[in-house]
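Each chain is listed here by its residues.
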Amino acid sequence: MARFSTSRELLFFLTHPTLWFRQPLSQKSLHADPFVVFEQWYNQAKKSLSGEFPNAMCLSTTGTDDYPEGRIVLLKEWSKEGFVFYSNTQSQKGAALSAHPKASITFYWSVSQRQVRIKGDVEFVDNSTADQYFSSRPRRSQIGAWASEQSTTLHSRKELEDKVIEYEEKFAQQPIPRPDYWTGYRIKPIEIEFWQLRLNRLHDRILYKKTSKESWTKSRLSP
Ligand SMILES: Cc1cc2nc3c(=O)[nH]c(=O)nc-3n(C[C@H](O)[C@H](O)[C@H](O)COP(=O)(O)O)c2cc1C
């Protein structure tokens, strides 16, 4: 009982098996390359979250009115080049990213009580990457990309459904091209923070900051 200051904490520990054998985070034990750590954490979340969205992340941008804006998008590709999601460039986030091409993405995997926070500069993926991804999507999602003027006001649900019918007819019996306003955004990280829950709110936080093309510094942050 010594580790637990209340019976609630003891209960929390007993009902969260991931805490039983897990190593605490330390600057020494974490790999020098934050992408290696991200891959381990992401794969672990993927394994245990079958059927859910381990790739769901909160994308935070600075709006054209300078207020912060957050929404969930899905991570579709990632590499040392950055973290990619797809969207409509004419949407609210599209306008925000065009005015301020900087963003933050935040993952929370409740199954492992871990958070990853990434901040960076944003660029478009190239057209052939976007074409390839668009062509891999189900036909109905492709129609949806044409039918939805994302973030604009609809007067009724029917207005949207009529657009779907219009584009289904327009593209009947032919491959659906990618709309030129629909593409991928890549966040090129300058900071990546790994957060892992520990008891008594004394969590571990390790922040990586990019210093040059391949090199990162690590520091521990107060929880
Ligand atoms: C689980 C989940 C996944 C989503 N994935 C995407 C996505 O990959 N791309 C996207 O544009 N919107 C996605 N959305 C919808 C966005 O959260 C948001 O409603 C939409 O992009 C419009 O945002 P905006 O008006 O700020 O541009 C997703 C929503 C949820 C809940």
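Shown above is the structure to which this text applies.
Keep in mind that what you see is a predicted model, and the values were worked out from it rather than measured.

(A) Seen up close, the packing of aromatic side chains. Scanning the entire structure with this criterion turns up 23 aromatic pairs. Their ring planes at 50° and their centres at 6.1 Å tell us that Y42 and W109 sit as a pair that is tilted. Taken together, the residues Y42 in helix α2 (residues 34-48) and W109 in strand β5 (residues 102-109) connect sequence positions 67 residues apart. The residues Y42 and W109 share a single accessibility class, namely buried. Judged by centre distance (5.1 Å) and plane angle (45°), the ring pair of F124 and Y185 falls under tilted. Of this pair, F124 sits in strand β6 (residues 114-124) while Y185 sits in strand β7 (residues 182-196); the two residues are 61 residues apart in sequence, bridging distant segments of the chain. Clustering of aromatic rings is evident, with ring pairs tying together F35, F38, Y42, W78, F83, F107, W109 and W216. Above the ring of W41, the side-chain terminus of R114 is found at 4.2 Å from the ring centroid. Directly above the aromatic system of W146 lies the positively charged group of K170, at a separation of 5.8 Å from the ring centroid.

(B) Quick peek at the site of the ligand. The environment of the ligand is made up of F53, R71, I72, V73, L74, Y86, S87, S91, Q92, K93, Q150 and S151. A distance of 3.1 Å separates an oxygen atom of the ligand from a polar atom in the backbone of L74. Interatomic distance of 2.6 Å between a side-chain N/O atom of S87 and an oxygen atom of the ligand. Taken by itself the ligand offers 620 Å² of open surface, and the protein chains cover 64% of this. Tallying contributions element by element places strand β2 (residues 68-74) first for the shell around the ligand, with 4 residues. Counted by class, the shell around the ligand contains 5 nonpolar, 5 polar and 2 charged residues.

(C) Structural detail: unusual backbone geometry. Backbone geometry at D66 places phi at a positive 70°, although glycine is not the residue there. Looking at where D66 falls in the secondary structure, it is placed in the loop between β1 (56-62) and β2. Accessibility expressed as a relative area gives 55% for D66, which makes it exposed. Positive phi values are uncommon outside glycine, yet N200 reaches one of about 60°. Residue placement: N200 occurs in the loop between β7 and β8 (204-210).

(D) A look at the nonpolar core. Membership of the largest hydrophobic core comes to 29 residues, with the highest contact counts inside it found for F38, F107, V116 and F194. Those elements giving two or more residues to this core turn out to be α2, β1, β4 (82-88), β5, β6, β7 and β8. Of all the elements, α2 adds the most residues to this core, at 6 residues. Ignoring anything within four residues of it in the chain, the contact list for F107 reads F38, P54, N55, A56, M57, L75, R114, Q115, V116 and I118. Of all hydrophobic cores here, the second largest spans 15 residues; its members include Y86, V125, W146 and Y167.

(E) Structural context of the pattern of salt bridges. Within this structure, the stated rule accounts for 17 salt bridges. E161 is the partner of R157 in a salt bridge, and the nearest nitrogen-oxygen pair spans 3.2 Å. You can see R157 and its partner E161 sitting in helix α6 (residues 157-170), 4 residues apart, about one turn around the helix. Here K209 and E191 are joined by a salt bridge, their closest N and O atoms 3.8 Å apart. Of this pair, K209 sits in strand β8 while E191 sits in strand β7, and the two are 18 residues apart along the sequence. You can call K209 partly exposed: its relative accessible area is 39%. The network of salt bridges with shared partners includes D33, K80 and E214.

The rules behind these values
Note on numbering: residues in each chain are counted from 1, in written sequence order. Only residues with pLDDT of at least 70 are given local features in this predicted model, and only at 80 or more are side-chain atom pairs given and counted; all residues enter the totals for whole chains, interfaces and linings. Think of the side-chain values as coming from all heavy atoms in the structure, minus any hydrogens and water. Each Phe, Tyr or Trp ring (for Trp, its six-membered ring) is paired with any other whose centre lies within 6.5 Å, and the angle between the two planes then decides the class: stacked below 30 degrees, edge-to-face above 60, tilted in between. Runs of H or I in DSSP of at least four residues are treated as helices and runs of E of at least two as strands, each being numbered from the N terminus. Relative accessible area decides the class of each residue, using a 1.4 Å probe on protein chains only: under 20% of the type maximum gives buried, over 50% gives exposed, and in between gives partly exposed. Our definition puts a charge over a ring when NZ of Lys or CZ of Arg is within 6 Å of the ring centre and also within 35 degrees of the ring normal. Nearness is defined per residue: one heavy atom within 4 Å of the molecule or strand is enough. In protein, a polar contact means a hydrogen-donor-capable atom and an acceptor-capable atom, both N or O and within 3.5 Å, with residues adjacent in sequence counting only if both atoms are side-chain atoms; elsewhere, any N or O pair within 3.5 Å suffices. Computed with a 1.4 Å probe, the accessible areas rest on the Shrake-Rupley method; for each residue, only the protein chains presented here act as cover. Residues are grouped as follows: Ala, Val, Leu, Ile, Met, Phe, Trp, Tyr, Cys and Pro are nonpolar; Asp, Glu, Lys and Arg are charged; all remaining types, including Gly, are polar. Throughout this description, the term nonpolar core refers to a set of buried Ala, Val, Leu, Ile, Met, Phe, Trp, Tyr and Cys residues connected via side-chain atoms within 4.5 Å. By definition, residues are in contact when any of their heavy atoms lie within 4.5 Å. Within this document, salt bridges are pairs made up of a side-chain nitrogen of Lys or Arg and a carboxyl oxygen of Asp or Glu, the two lying within 4 Å of each other.

Geometric values such as these leave the question of function open.
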